[in-house]
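What the coordinates show
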Amino acid sequence: MDEHDMLLSPAGVDALRTALTRTGFTSHGIAERLGAQATAAVARNDYRAALRATEDGDPLGTLIRVFICDQLEPEAAVAAALAPLSLDEALAGGLVERYGDGLRAGIDLEPYGDDWWVLADVSANARPGRPLHAEHVLGIGGATQTLIGATMRRPVETALDLGTGSGVQALHLATHARSVTATDLSERALRFAATTAALNGQEWELLRGDLVAPVAGRRFDLVVSNPPFVVGPGTTTHVYRDSGRVGDAIGAELAAAAPSLLTDGGTMQYLANWVHVAGEEWDERVAGWFAGTGLDAWVIQREVADPMAYVDLWLTDVGETADPQRMAAWLDWFDAHKVEGIGFGIVSLRRGGHADPVVRVEELRQRVQPPLGDQIAAWFDRQDFLRVRDTEALLAERYRAAEGLQLRQEATMGDEGWAVDRQVLAMPHGLRWTEEIDPLVLALVGGADGRLPLRDQLALLAAAHDVEPDEMAEAAGPIVAHLVERGFIEPVTA
């Protein structure tokens, strides 16, 4: 994209970077200036301590008041804080705007990470009563952070960000991809993304178009997307939220596009919403998205909302809470299609080139050890281990219980003392799975110390339980595969 596709001229971007660096308007600089308590309060939208700490009107304090606390500040103070960027260019680019007798933030300029800045539109909450632009550009919200955390960060040659918005995902991709391509349907969003890239000294290929259309015929090692996934009747009012597809069709559309987007061994990860329809199993419905794709797929559902809460959330997000007709029409659509709930989660796909791809669709509602992307990458690694081993090969391996694995027991006091009712394996780290087990599985996991091949361990268990070793081995195969997939036991490498 050329200079006319940014919010500021190239010289203006350089001047802004100089101003932000000179004043210390970075995540670290702000935290150092405000102190731990005031910084934590700002994260909760409590600006009282931050405002007290910035009353002297110095350049850093002025930028904090304008862009963090959303205050109106004197024109002379803002001009001094932004220098060498001229105030005329800052106003023309929308960075600040005149309001009353001063200046306030025209866009959201957010220090991010160690030394990045992200440019986005000011949120609906910060400007009550002012409708959001139809091509509103989101900043760093909850969904954005979810995808950032879930993305696998292994080095790749080529990466693609579908629906880049302000460019946050692309910023992260550039840390482990040799080249980054980013697309968006909104020309306005691409202007923000181009400015974010330039401000942070990065170069991305930016293309305009709907979803995968701008990169038709091309393949990438890693594709990520925080698409307009909101489920509804297909009405489009805000492009960051509404895809124009009916229901949850965008999730299925991305799944169908993935095989032609990915290089051999390439991965695609995206956020999605899906409907829970009365009389249908939601997981079977979502699994149908991947039928015939040839892709390994792991879909994890992190949240479920009822229709009323869902509609209220997204109307509030764009400041439409005062529109009862819009709410009624949306809820009527859910009723007509027997939608009982809407799930939110993460889809991770891999083009492994296997004739029998693994597809898992499941709940993962517990708190997991961050970053989730590392846990997802490890899950695919475990699939690779399992795929090339039949039962005989699985039993020939040595295993050890995962580090820190816990056993939790529930027992009832009776006439003869405590009677164990339930035994649960619990992972205190990683994906933090818990699983109820029977005594035989407990004995198998308890004996997994890495010294004996599993077949020998099972022979000892078979003798102790007066069971034929082959019968024990046959029964243990699927159990072992499941324990490995979950990470409860790990193969011992020589």
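Refer to the structure above for everything that follows.
Residues numbered from 1 in each chain as written. Predicted model: local features only at pLDDT ≥ 70, side-chain atom pairs only at ≥ 80, totals over all residues. Heavy atoms only, no water.

Further remarks concern unusual backbone geometry. Cis peptide bonds are those with omega within 30 degrees of zero, and the linkage from Ala83 to Pro84 qualifies with 15 degrees. Its location among the elements puts Pro84 in the loop between helix H6 (75-82) and helix H7 (87-92). Between Pro370 and Pro371 the backbone carries a cis peptide bond, its omega angle lying at -5 degrees. For Asp70, which is not glycine, the phi torsion reads 55 degrees and is therefore positive. You can see Asp70 is positioned in the loop between helix H5 (59-68) and H6. For Asp70, a relative accessible area of 29% translates into the label partly exposed. Despite not being glycine, Leu211 shows a phi value in the positive range, around 50 degrees. With respect to the helices, strands and loops of the structure, Leu211 is situated in the loop between strand E7 (205-208) and strand E8 (220-225). (Helix = DSSP H or I, 4+ residues; strand = E, 2+ residues; numbered from the N terminus. Buried < 20%, exposed > 50% of the residue type's maximum accessible area, 1.4 Å probe, protein only.)

Take the packing of helix H17 (residues 439-446) against helix H19 (residues 469-486) next. Closest axis-to-axis distance for the H17/H19 pair is 12 Å, and the angle between their directions is 70 degrees. The angle between H17 and H19 falls in the class roughly perpendicular. Taken as a pair, H17 and H19 cross one another with a handedness that is right-handed. Every residue of H19 that contacts H17 at Leu440, Val441, Leu444 and Val445 is listed here: Met472, Ala476, Ile479, Val480 and Leu483. When its residues are assigned to classes, the contact of H17 with H19 shows nine nonpolar, no polar and no charged. (Axes fitted to C-alpha atoms, helices over the stretch in contact; angles between N-to-C directions. Parallel < 35°, antiparallel > 145°, perpendicular 65-115°, else oblique. Left-handed = near helix turned anticlockwise from the far one by under 90°. Contact = heavy atoms within 4.5 Å. Nonpolar A, V, L, I, M, F, W, Y, C, P; charged D, E, K, R; others polar.)

That is the geometry; function is a separate question.
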